[in-house]
Amino acid sequence: MSHHDKPTARSAKQFRVHHFAQAREKGSKITALTAYDAVTARIFDDAGIDVLLVGDSIGNVMHGHDSTLPVTVEDLIPPARAVARAAGRAFVVVDMPFGSYESGPEQALGTAVRFMKETGVAAVKLEGGARVAGQIRAITQAGIPVIGHLGYTPQSIHALGGPRVQGRDSAADELRADLAAVAEAGACAVVLEMVPAPLAGELTTASPIPTIGIGAGHGCDGQILVWTDMAGMSAWAPRFARRFGEVGTALREAAQDYAGAVRSGDFPGDEHSFQK
């Protein structure tokens, strides 16, 4: 089989929207990673990751921006399409980028419909609590699953004063209200980012929908990381990320070995060449 051919079936059962609630009921932790291309999406899908997020973090990780703010819908459609094509089991979600839903429910629904029609993803994710409840409701009522995002919301980096822990002291009440609003509007799950672990655990216990943490402790119903942080692809990673591999080191060493083999004349050898 050519490496371009996608298998017609997978042995594992596809993760669908109702499996968020089922995982919570069973006490099974939901696993999620970002993915921005077909190559890594296929690897993570084969590894059994439940959710693949085509995040607007692509702006920082892949496009060299210092925030997610410059990322557009047009930037996200090709990677979302690639990840959706590559994934067989995982539930593929795409971020709604800054500026694509803030105007109101009509704009948000238009963006979500475009993603669904042009990429093949299963759901969209948008940042904010009560202020975007109308947007979430409009999208879910159109039959499109939505994942919320509370706590540190990167698209609001300037308003929040940078990447800071959210929900401390009196702000905890606002976070509780936002989670209730997101759930009532119809979201199937919510990401909690950079929230104190005790508060995230409390929110998870009280929440009618599953929580997926990132820098929010082990009390959430699942966890997500930016894959390059998880795999050790950069010199720096946030405090809440754990390096589960040193893929960056391995990739650099492979490139160095390749360059050395080319310069020495060792590659290509006869076994890599066509003689007739």
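Counting from 1, residues in each chain are numbered in the order their sequence is written. At least 70 in pLDDT is required for a residue's local features to be given in this predicted model, at least 80 for side-chain atom pairs to be given and counted, and no such filter applies to totals for whole chains, interfaces and linings, which use all residues. To get the side-chain values, all heavy atoms of the structure are used, and hydrogens and water are removed first.

As recorded by an unreviewed UniProt entry, the chain carries the name 3-methyl-2-oxobutanoate hydroxymethyltransferase and is attributed to Sediminivirga luteola. Turning to the chain, the UniProt annotation filed under Sequence similarities (unreviewed entry) states: "Belongs to the PanB family." UniProt positions are given in the numbering used here, feature names are shortened, and annotations may be inferred rather than shown by experiment. Under the heading Pathway (unreviewed entry), UniProt records this for the chain: "Cofactor biosynthesis; (R)-pantothenate biosynthesis; (R)-pantoate from 3-methyl-2-oxobutanoate: step 1/2."

Details of the state of the cysteines
Counting rule for disulfides: a pair of cysteine sulfur atoms within 2.5 Å. Summed over all chains, the structure comprises zero disulfides. With no disulfide of its own, C188 has C220 as its nearest cysteine by sulfur position, at a separation of 15 Å. The classification of residues rests on relative accessible area computed with a 1.4 Å probe and restricted to protein chains. Under 20% of the type maximum is buried, over 50% is exposed, and intermediate values are partly exposed. Residue classification places C188 among the buried positions, given a relative accessible area of 15%. A relative accessible area of 1% places C220 in the buried class.

Thoughts on unusual backbone geometry
In this structure, the amide linkage connecting F267 to the following residue, P268, adopts the cis form with an omega of 0°. The residue P268 is located in the segment after α10 (247-264) in this model. A positive phi angle, close to 50°, is found at M194, a residue other than glycine. Put simply, DSSP H or I for four residues or longer makes a helix, DSSP E for two residues or longer makes a strand, and each gets a number counted from the N terminus. Looking at the element boundaries, M194 is found in the loop between β6 (189-193) and α8 (197-206). For M194, a relative accessible area of 13% translates into the label buried.

Topic: the packing of aromatic side chains
Describing an aromatic ring pair means giving the distance of the ring centres and the angle of the ring planes. Aromatic rings from Phe, Tyr and Trp, with only the six-membered ring used for Trp, were paired whenever their centres fell within 6.5 Å, and each pair was classed as stacked if the ring planes differed by under 30 degrees, edge-to-face if by over 60, and tilted otherwise. Per the stated rule, a full pass over the model turns up five aromatic pairs. One aromatic cluster is present, built from ring pairs that chain together F15, F20 and F91.

Describing the UniProt feature "binding site: Mg(2+)" (unreviewed entry) in the chain
Mapped onto this structure's residue numbering, the UniProt feature "binding site: Mg(2+)" (unreviewed entry) falls at D56, D95 and E127. Spanning 72 residues, the named residues form one tight spatial group whose C-alpha atoms are at most 11.0 Å apart. Mapped onto the elements of the fold, D56 is located in the loop between β2 (51-54) and α3 (58-61). Here D95 is to be found in strand β3 (residues 91-95). Any pair of residues with heavy atoms lying within 4.5 Å of one another is described as a contacting pair. With residues up to four places along the chain from it excluded, the contact list for D95 reads L53, V54, G55, D56, L76, F115 and K125.

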